[in-house]
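Listed here are the chains, written in short residue letters.
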Number of protein chains: 2
Amino acid sequence: MTGQGIVVSEVGSFHTGGRIVSLRNQPRRAMQVAGSGPDRIVDLNGDYLTGQCYVQFIKQLRPRSATPVMFWHGGAMTGVAWETTPDGRPGWQMFFLTRGYDVFVCDAVERGRAGWSPFPEIYEGRPIFRTMNEAWTLFRIGPQGGYAADPARRIVHRGQRFPVEAYETFCAQFVPRWIDHADLTISAYLKALKRVGPVVLVAHSQGGSLALEAALRRPDLFRAVVVVEPAAAPDLKDADLAAASRVPHLVLWGDFIEDDPLWPDYRRCVERHTRELVAHGGTVDTVRLPEHGIHGNSHVPMSDRNSDEVAAIVEQWIGRHLEPAD
Amino acid sequence: MTGQGIVVSEVGSFHTGGRIVSLRNQPRRAMQVAGSGPDRIVDLNGDYLTGQCYVQFIKQLRPRSATPVMFWHGGAMTGVAWETTPDGRPGWQMFFLTRGYDVFVCDAVERGRAGWSPFPEIYEGRPIFRTMNEAWTLFRIGPQGGYAADPARRIVHRGQRFPVEAYETFCAQFVPRWIDHADLTISAYLKALKRVGPVVLVAHSQGGSLALEAALRRPDLFRAVVVVEPAAAPDLKDADLAAASRVPHLVLWGDFIEDDPLWPDYRRCVERHTRELVAHGGTVDTVRLPEHGIHGNSHVPMSDRNSDEVAAIVEQWIGRHLEPAD
């Protein structure tokens, strides 16, 4: 796939969004902060940049598509989800590069390279973390209670395509998150979109929910929206569904949903939303992979053994929905 | 510089290091974790992967150098430090790509995309955060007390090359850190080096201190070590200085050190170390940029307006010290 290489003009990144918040009245501490160096006063009082997101880009010298693809990851994850598979194969970022797109991979507010802020002083409350136990079930790798510390004793859904032998590597990617930061994240993401210009957005899980919401707020910033296993749908109060309906949507689902206690509800919630878009004249294609003869995908199809096969479905759909100008 | 583009064979990433730790007896909470989705029980009990670092790579189809360059960032920062300058010019990553090197950019344990762990349950104590106030002085952009919330009122060192108009963007990159994780980080980094093979390491500030230590422990994993403004030097107890001395070292310093209350001590500490390496037959070149007629560099020369000029000094030194086989 990469035999010829891709001709890259620039690799770089930027942050968008965020604001400055000041902390006062924090205790000062003398600490040795680096190796055998001398002590230094650590003083948390002062100004912090908070609420920004991170956008990494790879631009090609001669992209085949004038419209880039932007990626938003899901909860507990970062842009790494698009960069590699847990078993070390190239991720969807590389797939879309080889298909001629410029790619922009984001880390949401407070995740990965976006930076994060003192709490509870700036971010209220505490972050939540994802255990290896929870992810095993929530990502539909195996049934509830199927995780065990001993890899040999883990119970896997029959026909599973997730590379279970690399589960530890997958979990090495996990980062915590705050549950009340959706608005903060959408706000930073919209600033990234304004800077990049209209994109094809590919978003996973929690990122998919944010994408559906962002497309309601600023449909002009999207040429198409692909949501892979979105975890929820936006509140439609005050939404301009007619405007959002002008953006073609693809919703993609993996396997084992009926075997899970939570995912049928999540999917119903999303499908209520997409029916509204269709009722307002929108184009929404829903692909349930098993109904297309593709069985065994987990909640993270971009990590599964057939990740390129699923990417090709997405890429073909995108190709059909980009305007001729692209 | 990038007019011809670089021919990239693969962009990807991996994590190395870390271990599994279990949490028990944490309270379970019901929370709405995604948009308008239903509540879910958040249960922090279970297994976590902790202590890994993150390594992102860009490999060229036909690298001119057989030895790649690996980058380690400094305290409060992530790999972003090498990826872009605050004012949006290409970073040293791009510089070394255009010079024909494969590049590996790391995020240290607990920083950026490396992931981080519940605390105080797994990581002991609390992280420390860097304020915009502290960085202004510590990164030698301006004198102590020179930071002000109002950019127009900030006091800048005379002749400063840091792009002060982009200071907010620079601070958007900051992430917190734990002060006791140097061993954890070196351990994960050494695993990354074992996977990649011997590299030219370019490391900044706290990362520079870790690099000096790592080169003592496993000199066989380095072809050369470039430390840019290292913040401390390793403890020499039990160190095999003769072995480490076989790795050529370049130590690079910016400007305004004598104007600062802390940096003269940090530099003395590092220069004691490099004198030991030289005493054991090592090759250590020290470049104090002002003594070479290059004035005005801050603590982050890869961010400064003349970042490419400083990178060229580093690259020429590397070229002289790579073995002919490269």
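For every chain, the first residue of the written sequence is number 1, and numbering continues from 1 along that sequence. Naming scheme: in the order in which they are written, chains are lettered from A and ligands are numbered from 1. Where totals are concerned, whole chains, interfaces and linings use all residues; where local detail is concerned, this predicted model gives features only for residues with pLDDT of at least 70, and gives and counts side-chain atom pairs only at 80 or more. Values reported for side chains reflect all heavy atoms of the structure, with hydrogen atoms and water molecules removed beforehand.

What follows concerns the overall build of chain A. From N to C terminus, chain A includes 9 helices and 10 strands. In this description the radius of gyration comes from C-alpha coordinates, and the expected globular size is given by 2.2 Å times residues to the power 0.38. For 326 residues, the compact-globule estimate of 2.2 N^0.38 gives 20 Å, and chain A sits close to it at 21 Å. Within chain A, buried positions represent 64% of all 326 residues. Residue contacts follow a heavy-atom distance rule, with two residues in contact if any of their heavy atoms lie within 4.5 Å. Within chain A, contacts between residues at least 6 apart in sequence are counted, and of these 75% link residues at least 24 apart. Carbon and sulfur atoms provide 47% of the accessible area of chain A, an area that totals close to 11600 Å². Secondary structure elements follow DSSP: runs of H or I of four or more residues count as helices, runs of E of two or more count as strands, with numbering from the N terminus. Exposure categories follow from relative accessible area, calculated using a 1.4 Å probe and restricted to protein chains: below 20% of the type maximum is buried, above 50% is exposed, and the middle band is partly exposed. Residue exposure ignores everything except the shown protein chains as possible cover, and the areas themselves are Shrake-Rupley values with a 1.4 Å probe.

Attention now moves to the relation of the copies chain B and chain A. Here the copies are superposed with least squares, the fitted atoms being C-alpha atoms of residues at a pLDDT of at least 70 in both. Relative to chain A, chain B is turned by 180 degrees and slid 0.0 Å along the rotation axis, the superposed coordinates differing by an RMSD of 0.0 Å. Considering both components of the superposition, the chain copies are consistent with a two-fold axis. Counting the interface residues of chain B, we find that 100% of their copies in chain A are interface residues as well, pointing to one common contact surface.

Residues and elements named next belong to chain B. In this fold, Asp255 is placed in the loop between strand E9 (249-253) and helix H8 (263-279). Buried charge Asp255 goes without a salt bridge, the closest partner of opposite sign being Arg140 at 7.1 Å. Polar contacts involving the side chain of Asp255 include one to the main-chain amide nitrogen of Gly296, which spans 2.8 Å. What Asp255 contacts, discounting residues up to four positions off in sequence, is Arg140, Pro290, His295, Gly296 and Asn297. Positive charges are assigned to Lys and Arg, negative charges to Asp and Glu, while His and the chain termini are left out of the count. Salt bridge, as used here: a side-chain nitrogen of Lys or Arg that lies within 4 Å of a carboxyl oxygen of Asp or Glu. Think of a polar contact as two N or O atoms within 3.5 Å of one another; within protein, one of them needs to be a possible hydrogen donor and the other a possible acceptor, and neighboring residues in sequence only count if both atoms come from side chains.

Turning our attention to the pairing of strand E5 (residues 69-72) of chain A. Residue and element names in this part refer to chain A. Covered by surrounding structure in E5 are Val69 and Phe71 together with Met70 and Trp72, the residues of both alternating faces. Bridge analysis of E5 against strand E6 (residues 103-107) gives 3 bridges, and the strand direction is parallel. Along E6, the bridge assignment pairs Val69 with Val103. For two strands to pair, DSSP has to find at least two bridges joining them. In terms of strand pairing, E5 meets strand E7 (residues 199-204) through 4 bridges, oriented parallel. Pairing of Val69 across the sheet is with Val200, part of E7.

So, on to the packing of aromatic side chains. Two aromatic rings from Phe, Tyr or Trp, using only the six-membered ring of Trp, form a pair when their centres are within 6.5 Å; if the ring planes differ by under 30 degrees the pair is stacked, by over 60 it is edge-to-face, and anything between is tilted. The final tally for this structure, using the stated rule, is 50 aromatic pairs over all chains. The interplanar angle of 50 degrees and the centroid separation of 6.2 Å between the aromatic rings of Tyr147 of chain A and Tyr167 of chain A together place this pair among those described as tilted. Here Tyr147 of chain A is found in the loop between helix H3 (132-138) and helix H4 (167-171), whereas its partner Tyr167 of chain A is found in helix H4, with 20 residues between them in sequence. For the pair Tyr147 of chain A and Tyr167 of chain A, one class covers both residues: buried. Both rings, one in Phe57 of chain B and one in Phe104 of chain B, keep their centres 6.0 Å apart while their planes meet at 40 degrees; by these two values the pair is tilted. Here the residue Phe57 of chain B occupies a position in strand E4 (residues 46-60), and Phe104 of chain B occupies one in strand E6 (residues 103-107), the gap between them amounting to 47 residues.

Once that is clear, we can look at unusual backbone geometry. All names here are of chain A. Phe119 connects to Pro120 through a cis peptide bond whose omega is 5 degrees. Relative to the elements of secondary structure, Pro120 occurs in the loop between E6 and H3. Notably, Glu110 is not glycine yet its phi reads approximately 75 degrees, a positive angle. Accessibility expressed as a relative area gives 1% for Glu110, which makes it buried.

Moving on: the interface of chain B and chain A. Chain B puts 89 residues into the contact, and the matching count from chain A is 89 residues. The tally of links between chain B and chain A comes to 6 salt bridges. Residue Arg113 of chain B pairs with Glu83 of chain A through a salt bridge whose shortest N-O separation is 3.3 Å. Remark: the boundary between chain B and chain A carries 26 residue pairs in polar contact (both at pLDDT 80 or more). Considering every element that reaches the side of chain B that touches chain A, the biggest residue donor is strand E1 (residues 6-23) of chain B, with 10 residues. The classification used treats Ala, Val, Leu, Ile, Met, Phe, Trp, Tyr, Cys and Pro as nonpolar, Asp, Glu, Lys and Arg as charged, and all other residues, Gly among them, as polar. Tallied by class, residues from the side of chain B that touches chain A come to 47 nonpolar, 27 polar and 15 charged. Where strand E1 (residues 6-23) of chain A lies against E1 of chain B, 3 bridges are found, and the strand directions are antiparallel. Bridge pairing in E1 of chain B places Val8 of chain A opposite Ile6 of chain B.

Residues and elements named next belong to chain A. In the structure shown here, the tally under the stated rule is 36 salt bridges over all chains. Across the salt bridge formed by Asp43 and Arg28, the nearest N and O atoms sit 3.2 Å from each other. Placement of the pair is Asp43 in strand E3 (residues 39-43) and Arg28 in strand E2 (residues 28-32), with a sequence separation of 15 residues. Residue classification places Asp43 among the partly exposed residues on the basis of a relative accessible area of 23%.

Residues and elements named next belong to chain B. Two elements in contact, helix H5 (residues 182-196) and helix H6 (residues 206-217), have axes whose closest approach is 10 Å; the angle formed by their N-to-C orientations is 60 degrees. One element, H5, and the other, H6, form an angle in the oblique class. In this structure, H5 crosses over H6, and the sense of that crossing is right-handed. Taken together, the residues of H6 that come into contact with H5 (itself represented by Ala182, Asp183, Thr185, Ile186, Tyr189 and Leu190) are Leu210, Glu213, Ala214 and Arg217. Its residues assigned to classes, the contact of H5 with H6 comprises 6 nonpolar, 1 polar and 3 charged. For helices, the axis comes from a line fit to the C-alpha atoms of the stretch in contact; other axes are also lines fit to C-alpha atoms, and the angle between any two N-to-C directions lies between 0 and 180 degrees. Any angle from 65 to 115 degrees is called roughly perpendicular, while one under 35 is roughly parallel, one over 145 is roughly antiparallel, and all others are oblique. Handedness of a helix crossing follows the sense of rotation of the near helix relative to the far helix, less than a right angle counterclockwise being left-handed and clockwise being right-handed.

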